[in-house]
Amino acid sequence: MITDVLMRVLIDHISKTYTDRKGGRTEALQDVNFAIEENEFVVVVGPSGCGKTTLLNIIGGLLRPSSGRVIIEGGRLDSKPHTAIVFQDFALFPWRTVLKNIVYGLEEQGLGRSEQLEIARKYVTMVGLQGFENKYPHQLSGGMKQRVAIARALATDPWLLMMDEPFSALDAQTRILMQYEVSRIWEETHKSFLYITHHIQEAVFLGDRVVVLSRRPGKILDIVRIDLPRPRTEKLVNEKTYLEYVNLIWGYVKDQAKEALEEMA
């Protein structure tokens with residue numbers, strides 16, 4: 001029985017410093033502190049090198065913080081994972097078909113074959129890949145590959161789905177279409193999402209809140225609540241309020257870039 005009600009993730013004063021072989025230290029994150037609430041879409045933006053991916057890897061359990069901790073409140077008693085990650089490079093198994101890529105996590109969970117296929121087909125339909133179940137990754141477009149990666153992550157029924165710049169390798173037109181798809185999938189699944197991006201318009205279009213990080217070491221400059229109606233549609237990008245949010249966040253990022261250039265001068 002699933003008991004994952006009123007869950008939230010607390011990112012509790014996370015800092016991360018890397019040390020190289022010669023003893024040199026690079027501070028990537030500094031005292032990052034916020035929460036991801038139940039059924040919330042949180043986006044993290046900031047300048048290149050500000051520690052966005054480092055933060056995601058710490059929350060996902062792939063990397064240890066130097067200080068601070070990640071707390072999952074309201075845990076779940078079933079065997080399903082709390083988190084799953086969709087990477088920017090798709091990370092599909094080239095020797096597996098679409099369907100077999102999607103069932104990979106279910107195999108690791110030990111589910112029976114019939115249950116694996118039932119779940120996988122549900123998510124094939126959700127991401128719009130009907131008819132491509134037996135295709136291999138090399139036979140798919142970039143957008144279709146990322147749909148497979150999203151379906152594979154969702155199939156394990158994580159509480160928190162994390163996405164690390166998932167559309168950075170896509171052309172501009174496909175990227176916009178995938179933004180609509182991710183917004184729709186979030187509304188259908190009622191999961192919590194943590195989304196990393198450089199793309200400010202994308203952040204505002206998708207997010208309930210946008211966490212703005214400074215240049216390295218990454219620390220929180222602001223957490224902007226995006227008070228825009230859902231479902232999000234293409235008409236939104238012409239709305240005055242949408243553009244005001246974009247300009248607000250761009251102002252933070254622009255100021256960080258200006259400071260970096262002044263230090264280099």
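All of these numbers come straight from a predicted model, not from anything done at the bench.

Trainee: So, the packing of helix α5 (residues 142-155) against helix α6 (residues 172-189): which residues are in play, and what are the values?
Mentor: Closest axis-to-axis distance for the α5/α6 pair is 11 Å, and the angle between their directions is 20 degrees. The orientation of α5 relative to α6 falls into the category roughly parallel. Note that α5 runs across α6; the crossing there is right-handed. Between α5, through Gly143, Arg147, Ile150 and Leu154, and α6, the contact on the second element is made entirely by Thr174, Met178, Glu181, Val182, Ile185 and Thr189. Within the contact of α5 with α6, the residues separate by chemical class into 5 nonpolar, 3 polar and 2 charged.

Trainee: Tell me about the layout of surface pockets, and name the residues and values.
Mentor: Looking at the largest pocket, its volume works out to about 360 Å³. Listing elements by their share of the lining of the largest pocket, those giving two or more residues are β5 (83-86), α3 (104-109) and α5. Looking at the lining of the largest pocket element by element, the count peaks at 4 residues for β5. Residue classes in the lining of the largest pocket are distributed as 12 nonpolar, 4 polar and 2 charged.

Trainee: How would you explain the pairing of strand β9 (residues 220-225) if you had to name every residue and give the values?
Mentor: Sheet analysis places strand β8 (residues 209-213) next to β9, joined by 5 bridges and oriented antiparallel. Looking across to β9, one finds that Val212 is bridged to Asp222. Between β8 and β9, which pair antiparallel in sequence order, lie 6 residues.

Trainee: Break down the pattern of salt bridges for me, citing the residues and quoting the values.
Mentor: Pairing between side chains of opposite charge can happen when their charged atoms approach one another. Summed over the entire model, instances satisfying the criterion amount to 11 salt bridges. A salt bridge links Arg8 to Glu73; the shortest N-O distance between them is 3.3 Å. In this pair, Arg8 is assigned in strand β1 (residues 8-19) and Glu73 in strand β4 (residues 67-73), connecting sequence segments 65 residues apart. Where salt bridges share partners, they join Arg147, Glu181, Arg184 and Glu188 into one cluster.

Trainee: How would you explain the sheet that holds strand β7 (residues 192-196) if you had to name every residue and give the values?
Mentor: Spatially, 6 strands are ordered β5-β6-β7-β3-β8-β9 in an open sheet, and the strand pairing comes out mixed. Each end of this open sheet is capped by a strand with a single partner; those strands are β5 and β9. Mean inter-strand twist for the sheet, computed between neighbouring axes without regard to direction, equals 15 degrees. With 4 bridges connecting them, β5 and strand β6 (residues 160-164) associate as parallel partners. Bridging across to β6, Ile85 finds its partner in Met162.

Trainee: With reference to specific residues and values, describe the pairing of β1.
Mentor: Alignment of β1 against β4, held across 6 bridges, turns out to be antiparallel. Looking at β4, one finds that Ser15 is bridged to Ser67. Here β1 pairs with strand β2 (residues 25-36) via 8 bridges, running antiparallel. Across the sheet, the residue bridging to Tyr18 is Thr26, located in β2. Linking β1 back to β2 in an antiparallel pair, the connection comprises 5 residues, with Gly23 at a positive phi of about 90 degrees.

Trainee: How would you explain the packing of helix α4 (residues 113-126) against α5 if you had to name every residue and give the values?
Mentor: Between α4 and α5, whose axes approach to 9 Å, the crossing angle comes to 140 degrees. As judged from the angle between their axes, α4 and α5 are oblique. Two packed elements cross with a definite hand, and for α4 against α5 that hand is right-handed. Contacts from Ile119, Tyr123 and Met126 of α4 reach α5 at Ala151, Leu154 and Ala155. Its residues assigned to classes, the contact of α4 with α5 shows 6 nonpolar, no polar and no charged.

Trainee: Tell me about the environment of Gly131, residues and numbers included.
Mentor: If you trace the backbone, Gly131 turns up in the loop between α4 and α5. Judged by its relative accessible area of 58%, Gly131 falls in the exposed class. For the pair formed by Gly131 and Ile72, sequence separation is 59 residues and the distance between their alpha carbons is 38 Å.

What counts, and where the lines are drawn
- Residues numbered from 1 in each chain as written.
- Predicted model: local features only at pLDDT ≥ 70, side-chain atom pairs only at ≥ 80, totals over all residues.
- Heavy atoms only, no water.
- Axes fitted to C-alpha atoms, helices over the stretch in contact; angles between N-to-C directions.
- Helix = DSSP H or I, 4+ residues; strand = E, 2+ residues; numbered from the N terminus.
- Parallel < 35°, antiparallel > 145°, perpendicular 65-115°, else oblique.
- Left-handed = near helix turned anticlockwise from the far one by under 90°.
- Contact = heavy atoms within 4.5 Å.
- Nonpolar A, V, L, I, M, F, W, Y, C, P; charged D, E, K, R; others polar.
- 1 Å grid on protein atoms, 1.4 Å probe; cavity = no way out; pocket = protein on both sides within 12 Å on 5 of 7 lines; lining within 4 Å.
- Points joined across faces, edges and corners; volume = space filled by probe spheres on them.
- Pairing = 2+ DSSP bridges.
- Salt bridge = Lys/Arg side-chain N within 4 Å of Asp/Glu carboxyl O.
- Buried < 20%, exposed > 50% of the residue type's maximum accessible area, 1.4 Å probe, protein only.

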